[in-house]
Amino acid sequence: MKRILSDALWLAFAVVFCDNVSAAEDATAFFETKIRPVLVQHCYECHSAQSEEIGGKLRVDSRDAMRSGGESGPSLLVGAPDKSLIIQAMRYDDLEMPPDAPLPETVIKDFETWVSMGAADPRDDTAKVAKTSEIDGEALWSFFPRQTPAIPNIPHTQWPRDPIDHFVWARMQDARLTPTVDADPRTLTRRIFYDLIGLPPTSEQITAFVADHEHDADAAIKQLVDELLASPQFGVRWGRHWLDVARYGESNGDDGLGRNATFPHAWRYRDYVIDAFNNDFPYDQFLKEQIAGDLLPSKSPAERNRKLIATGFLAIGSKPAVAMNNNFAMDVVDDQINVVCTGVMGLSVACARCHDHKHDPIPTRDYYALAGIFSSTKTLYGAVANQKLTAPPTPLHELRSDWPTQQTEPDRSSPPVLPNDYSAAIDSLEPELHFRLDAAPEALTVTPAASYSPKTFASVKETTFVGKLAKSSESYSVSLWFRNTLKNDARAITAYLFSRGKQRTSGLPGDHLGIGGKHDSSRSGKLFVFNGDKDTTSVAGSTVIPTGSWNHIVLVRNRDQVKVFLNGQLEIEADIKATFGDNAEFCVANRSDNFAPLTGNIAEFAVFPHALTDDDAVKLHATSGQPRGVRVIPPYGFAMGVQEKAKPVDCKIHINGQSNKLGPLTPRGTLTAYQTIDADAPLKATGIKIESQHSGRLELAEWLTAPNHPQTARVIVNRIWQHLFGQGIVTTPDDFGVYGARPTHPQLLDHLANRFVKEDWSIKRLIRAIVLSRTYRLDSQADSDHIRIDPDNQYLARHERRRLDAESLRDSVLQACGSIDYSPAKGSAIENVDALINWPPGNATDLHRDSNHRSIYLCMLRHSPPKELAVFDLPDGVGIAGKRDVTTLPTQSLFLLNSSFVIKQSERLASNVLNLDCREDRDRIQRVFDAVLHRPATNSELDAARALLHQFNDAGEDDDTETVAARHIRAWASLCQALLMTNEFRYVD
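Residues numbered from 1 in each chain as written. Predicted model: local features only at pLDDT ≥ 70, side-chain atom pairs only at ≥ 80, totals over all residues. Heavy atoms only, no water.

As a further point, take the overall build of the protein chain. Helix and strand counts for the protein chain stand at 32 helices and 23 strands. A globule of 989 residues ought to have a C-alpha radius of gyration of about 30 Å, and the protein chain, at 33 Å, matches this closely. If one aligns the C-alpha atoms of the protein chain with their principal axes, the spans along those axes are about 100 × 85 × 65 Å. When the 989 residues of the protein chain are sorted by exposure, 56% land in the buried category. Across the protein chain, the fraction of contacts at a sequence separation of at least 24, relative to all contacts at a separation of at least 6, is 70%. Measuring between centres, the 106 positive side-chain charges of the protein chain sit 3 Å from its 129 negative side-chain charges. (Helix = DSSP H or I, 4+ residues; strand = E, 2+ residues; numbered from the N terminus. Rg over C-alpha atoms; globule rule 2.2 N^0.38 Å. Buried < 20%, exposed > 50% of the residue type's maximum accessible area, 1.4 Å probe, protein only. Contact = heavy atoms within 4.5 Å. Lys, Arg positive; Asp, Glu negative; His and termini not counted. Charge placed at Lys NZ, Arg CZ, Asp CG, Glu CD.)

When two helices pack together, their arrangement is given by the angle between the helix axes and by the axis-to-axis distance. Helix α8 (residues 203-215) packs onto helix α7 (residues 185-197) with a crossing angle of 120 degrees between their chain directions and a minimal axis gap of 9 Å. Here α7 lies oblique to α8, going by the angle between them. In terms of crossing hand, the pair formed by α7 and α8 is right-handed. Taken together, the residues of α8 that come into contact with α7 (itself represented by Pro185, Arg186, Leu188, Thr189 and Phe193) are Gln205, Ile206, Phe209, Val210 and His213. (Axes fitted to C-alpha atoms, helices over the stretch in contact; angles between N-to-C directions. Parallel < 35°, antiparallel > 145°, perpendicular 65-115°, else oblique. Left-handed = near helix turned anticlockwise from the far one by under 90°.)

What follows deals with the packing of aromatic side chains. By the definition in use, this model includes 29 aromatic pairs. On the numbers, 5.3 Å between centres and 65 degrees between planes, the contact of Trp242 with Phe286 is edge-to-face. Residue Trp242 is found in helix α10 (residues 232-245), and its partner Phe286 is found in helix α12 (residues 283-292); the two are separated by 44 residues along the sequence. Taken as a pair, Trp242 and Phe286 share a single burial class, namely buried. Relative to Phe895, the ring of Phe872 lies with its centre 5.8 Å away and its plane at 85 degrees, an arrangement referred to as edge-to-face. Linking Phe872 in the loop between α26 (867-870) and α27 (890-898) with Phe895 in helix α27, this pair joins segments that are 23 residues apart in sequence. Relative accessible area serves as the criterion here: at 3%, Phe872 is assigned to the buried category. For Phe895, a relative accessible area of 14% puts it in the buried group. Ring pairs connect the aromatic residues Trp242, Tyr269, Tyr272, Phe277, Phe281, Tyr283, Phe286, Phe313, Phe756 and Trp761, which therefore count as one cluster. The ring of Tyr476 is capped by Arg500, whose NZ or CZ atom sits 4.8 Å from the centre of that ring. Above the plane of the ring of Phe580 lies Arg500, whose end atom (NZ or CZ) is 3.9 Å from the centre. (Phe/Tyr/Trp six-rings, centres within 6.5 Å; stacked < 30°, edge-to-face > 60°. Lys NZ or Arg CZ within 6 Å of the ring centre and 35° of its normal.)

With that settled, the discussion passes to empty space enclosed by the protein. The final tally for this structure, using the stated rule, is nine cavities of 30 Å³ or more. Of the voids in this model, the largest cavity is the one considered here, and its volume is about 80 Å³. Considering only residue class, the lining of the largest cavity consists of six nonpolar, two polar and one charged. Counted as a void, the second largest cavity has a volume near 70 Å³. Every residue along the wall of the second largest cavity is listed here: Gly198, Val236, Arg237, Arg240, Glu807, Ser808, Asp811, Arg854, Ser855 and Ile856. Elements with a contribution of two residues or more to the lining of the second largest cavity: α10 and α25 (806-816). (1 Å grid on protein atoms, 1.4 Å probe; cavity = no way out; pocket = protein on both sides within 12 Å on 5 of 7 lines; lining within 4 Å. Points joined across faces, edges and corners; volume = space filled by probe spheres on them. Nonpolar A, V, L, I, M, F, W, Y, C, P; charged D, E, K, R; others polar.)

Time to look at helix α29 (residues 921-933). Taking 1.5 Å as the rise per residue, α29 with 13 residues should run 18 Å; its terminal C-alpha atoms sit 18 Å apart, in good agreement. Phi turns positive, to about 60 degrees, at His934, one or two residues after α29. (Expected span 1.5 Å × (residues − 1).)

The next thing to look at is the pairing of strand β9 (residues 493-500). The element β9 is largely enclosed, with a buried count of eight among its eight residues. In this sheet, strand β10 (residues 511-516) lies alongside β9 in antiparallel orientation, the contact comprising six bridges. Looking at β10, one finds that Ser499 is bridged to His512. Note that β9 and strand β16 (residues 585-588) share three bridges and pair antiparallel. Each residue of the ladder has a partner; that of Arg500, found in β16, is Phe586. (Pairing = 2+ DSSP bridges.)

So, about the nonpolar core. By size, the foremost hydrophobic cluster in this structure holds 171 residues, and its most contacted members are Ile192, Leu196, Trp242, Tyr269, Leu724 and Ile767. Those residues within four positions of Ile767 in sequence are excluded, and the remaining contacts are Leu196, Leu229, Phe234, Trp238, Ile720 and Leu724. Among the nonpolar cores identified, the runner-up in size contains 38 residues, and Tyr476, Phe498, Ile545 and Ile602 belong to it. (Core = buried A, V, L, I, M, F, W, Y, C linked by side-chain atoms within 4.5 Å.)

On the basis of which strands lie adjacent, the open sheet formed by seven strands has the order β4-β7-β16-β9-β10-β11-β12 and antiparallel pairing. The open sheet has two free edges, formed respectively by β4 (445-447) and β12 (538-540), since each of these has just one partner strand. Averaged over all pairs of adjacent strands, the angle between their axes in this sheet comes to 25 degrees, without regard to strand direction. Bridge count for β10 against strand β11 (residues 527-530) is four bridges, and the pairing is antiparallel. Considered in β11, the bridge of Leu513 is made with Val529.

Our focus in this paragraph is helix α15 (residues 364-375). Helix length check: α15, at twelve residues, gives a terminal C-alpha distance of 16 Å against a target of 16 Å (1.5 Å per residue), a fit within 8%. In terms of residue burial, α15 counts as a mostly covered element, since eleven of its twelve residues are buried. Among the residues making up α15, those that are buried are Thr364, Asp366, Tyr367, Tyr368, Ala369, Leu370, Ala371, Gly372, Ile373, Phe374 and Ser375.

The next subject is unusual backbone geometry. Phi is mostly negative for residues that are not glycine, and the peptide bonds are mostly trans. A cis amide bond links Thr447 to the next residue, Pro448, at an omega of -20 degrees. One non-glycine residue, Leu796, adopts positive backbone phi at about 60 degrees. Mapped onto the elements, Leu796 comes out in the loop between α24 (784-789) and β22 (802-803). The class for Leu796 is buried, based on a relative accessible area of 7%.

This part is about the environment of Glu920. If you trace the backbone, Glu920 turns up in the loop between α28 (900-914) and α29. Look at Glu920 and you get partly exposed, because its relative accessible area is 48%.

A few words now on the confidence of the model for the protein chain. For any part of a model where pLDDT is low, the fine detail of the predicted coordinates should not be relied upon. Residues at a pLDDT of 70 or more form 92% of the protein chain, whose mean pLDDT is 89. The low-confidence segment residues 126-133 (pLDDT under 50) makes nine contacts with residues lying over four places distant or belonging to another chain. Predicted confidence for residues 682-686 stays below pLDDT 50, and this span has 15 contacts to residues more than four positions away or in other chains. (pLDDT = per-residue confidence, 0-100.)

What the rule picks out here adds up to 47 salt bridges. Between Arg91 and Asp82 there is a salt bridge, and its shortest N-O distance comes to 2.9 Å. Assessed through its relative accessible area of 35%, Arg91 is described here as partly exposed. A salt bridge links Asp593 to Arg591; the shortest N-O distance between them is 2.7 Å. Assessed through its relative accessible area of 27%, Asp593 is described here as partly exposed. On the basis of relative accessibility, which here comes to 10%, the residue Arg591 falls in the buried class. If you follow the salt bridges from partner to partner, you end up with Arg240, Asp244, Glu807 and Arg884 in one network. (Salt bridge = Lys/Arg side-chain N within 4 Å of Asp/Glu carboxyl O.)

A few words on the environment of Pro98. Relative to the helices and strands, Pro98 is located in the loop between α4 (85-90) and α5 (105-116). Measuring from C-alpha to C-alpha, the distance between Pro98 and Lys109 comes to 16 Å, with eleven residues separating the pair along the chain. With residues up to four places along the chain from it excluded, the contact list for Pro98 reads His42, Tyr92 and Leu103.

Take the side chain of Gln569 next. Secondary-structure assignment places Gln569 in strand β15 (residues 569-575). The buried category is assigned to Gln569, whose relative accessible area is 18%. Apart from residues no more than four positions distant in its own chain, Gln569 is found in contact with Val564, Arg628, Gly629 and Arg631.

With that out of the way, let us pick up the side chain of Lys319. Here Lys319 lies in the loop between α13 (301-310) and α14 (328-345). Of the side chains with opposite charge, Asp335 comes closest to the buried, unpaired Lys319, at an N-O distance of 5.7 Å. In this structure the side chain of Lys319 is engaged in a polar contact, spanning 2.8 Å, whose partner is the backbone oxygen of Ala315. Leave out the neighbours within four places in its chain, and Lys319 touches Asn252, Asp255, Phe263, Phe328, Val332 and Tyr381. (Polar contact = N/O pair within 3.5 Å; in protein donor to acceptor, adjacent residues only side chain to side chain.)

The next thing to look at is the packing of helix α9 (residues 217-230) against helix α22 (residues 763-771). Viewed as axis vectors pointing N to C, α9 and α22 meet at an angle of 150 degrees, and their least axial separation amounts to 11 Å. As judged from the angle between their axes, α9 and α22 are roughly antiparallel. In the packing of α9 onto α22, the handedness of the crossing is right-handed. Taken together, the residues of α22 that come into contact with α9 (itself represented by Lys222, Val225, Asp226, Leu229 and Ala230) are Lys764, Ile767, Arg768 and Val771. Split into classes, the residues belonging to the contact of α9 with α22 amount to five nonpolar, no polar and four charged.

Here it is in structure tokens:
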């Protein structure tokens, strides 16, 4: 589509700017988890201060030594991996390091990424672990118990609205600052809407609030805040904040081998988080459910399902490939330790995997005390696209609408003793073919031959019974007894029992009844029906069939409906398209292409040229005199999560972080620093007792949520403050350690944390208190002296202007253009897709789907994010992102200018406006301004808009291929798009 617009008009409507924020925290975390462990294991022996002889005079055990290099020169050139000697050596390009064997490609790729990112390296030669005698109370402030500060007195008694304001005023006085005036009601209502629900108010909502505010400002703000806190959109906004911390993603991300497997069930965790915020789950309960929900009691199946889903917090993390990786299990554990410690306590414990923490008081033994807890935990992440190179497949949590039955299946290990009249009962239902199979069937071709006996009937292995119906019937039924003696996890599909379709045909058109194997762990040992590769419908039952057991099956096809009865109980009922056409061939004990034949026995096979009734299908089993199956309520869905291992164990220290070099055993436990720092502190890590049969996750969750834990409440309170003010009281929300920032208002932080715990860990109550404070109401405009004294606004004497985040920007565009769907989206675009996104290489699959739902419901694939969000600093979901980067890049402006999403929405708004009953363009322009900016256009803006419309129409007159109506829409769409690009639309004051 042709786009014409003068530079002057674009500048009038679309000036883009914002502050840059460094991504140093992520780069340092990458070094600690990916680079340092490799250097320690493979390089320190010959290239460190402790080496007997330093090879090539090169040390790699500190930042400066590594960059200065050795005899061959600097070992790395920042930003240029191909020119860096260390990369060349790892590639065995002239140099060969390490000399014994090259490192895996995944490791070399990590080093290339590290050098490209700037080679962040926090090491120095003087760093050392804090000793008991060297405790720095200021640096280790977060480890000390919270104080109960007195509320400061201030002279202006009319100014404060909450104790929060007293603390803020006192700090302003330290800097000799006075607060700005309150924001005007129009600005304030927009701020409150975005902060609480992530959407702007409509013009009508602004008008109503301004009127109420003029009458009684305090009452108007309280009413608005309470309404928005009760809105279901609140959970959408604040749930997304937590998903950043939880490193949420719906795929594994690049596993180091270029693979990116989908996580089809991760969306359930997303919905859990949204519901938790909307229902104001107490934060301590919220944490306990995510760390140990499977271990908590439940009063109903729905509550049980919720708690199982919550444990997805520990399972949804990105995982490195298991191929050529002896440390895969510990890598998963490391991710879980990191998300719990960094996400909940604001402490990075990851580098203690290889050595005592270089800055914080966290020894390696504490890391492995935690590792024992998670090593005793089974992580359930699913099939991971059935790619063993990426990760071994695991089960998933089964979600059920009712409590599982306590009944047990009867013993079916012995061959069934069938009554003498059983064959007659089958014949009474008029089968076309019926064979008892205690002798060779004359009308079937059997290859290779089976053995027969009156007791065990036909014994088969690699055997296929092939036959043909007299005519092709679109409805038919099959009845048989079988025994499978192959273990259910022995191969991809355990066995096929029956196929209706042309034999030896590619594409497998027809009906195929089998038993699932290890291809999909959720189906292992369960019956399934599959109708071929073209239509690809596959439906499974819920009952696991024990290996070696005798079972009776009736398959009934009635046109496009299929039912399967197992031991007299309905097991499968589904609409499955018939794909066998007019073919009448069938086979028993195998699939039509001779794949996964049954190993075991077959008896009393019968095929009927019509669909049996449910009563007849049940009768075929009932007349056998054998015990009926126990009806198990099938799961309605599955969820990622964790559960206890059968035998919890303590973990040995992994020397240099490697699983093949083990040190002493470390009892399961938590961090010991608190007792070291303050022997009188009430929180004692050593006081936690973990029973031998427990992993320790529940004890860990209870320890973290103890009311007197020094960090848990501080960290979440700081996160909430950051989302309301643009920066936290601690500006490094994921790092409360030695290298993290110090609190700008330490007394306020402790006041809020104490208040938060006292008020039942309620996030909504805390948000309400902050938003109702005078500090929150302040205007973002300030004079030059004010900004000179406090350029970073540390003293909170004004509010901070902020750019909309990626989700709020997209949602605001949808709302302005009349497209948004506020209802919760159901499931995910990939909930039925278990596949590799980036495989084969260079053929990435686009699994995203168009949606007008809010952005949190878009498919969040790692390394393949939604295009509408990717350029606006959306976290990658690989690491914890308690604070998003805010960058200014040309691609952002180009996206708003060229994106098909923005263009489509602009055209929709243009069509809506042109369909209005307006006499003049002036009125339509006002409607556009009202929809996008929620205010009337000024006279100069009206003139500029009319000039823009005329320029487009005049420029297109020579284009014979474009109709007048299309050109008219395009002109108005450009005006709409220009307004959507303005700073006024994209920023909140």
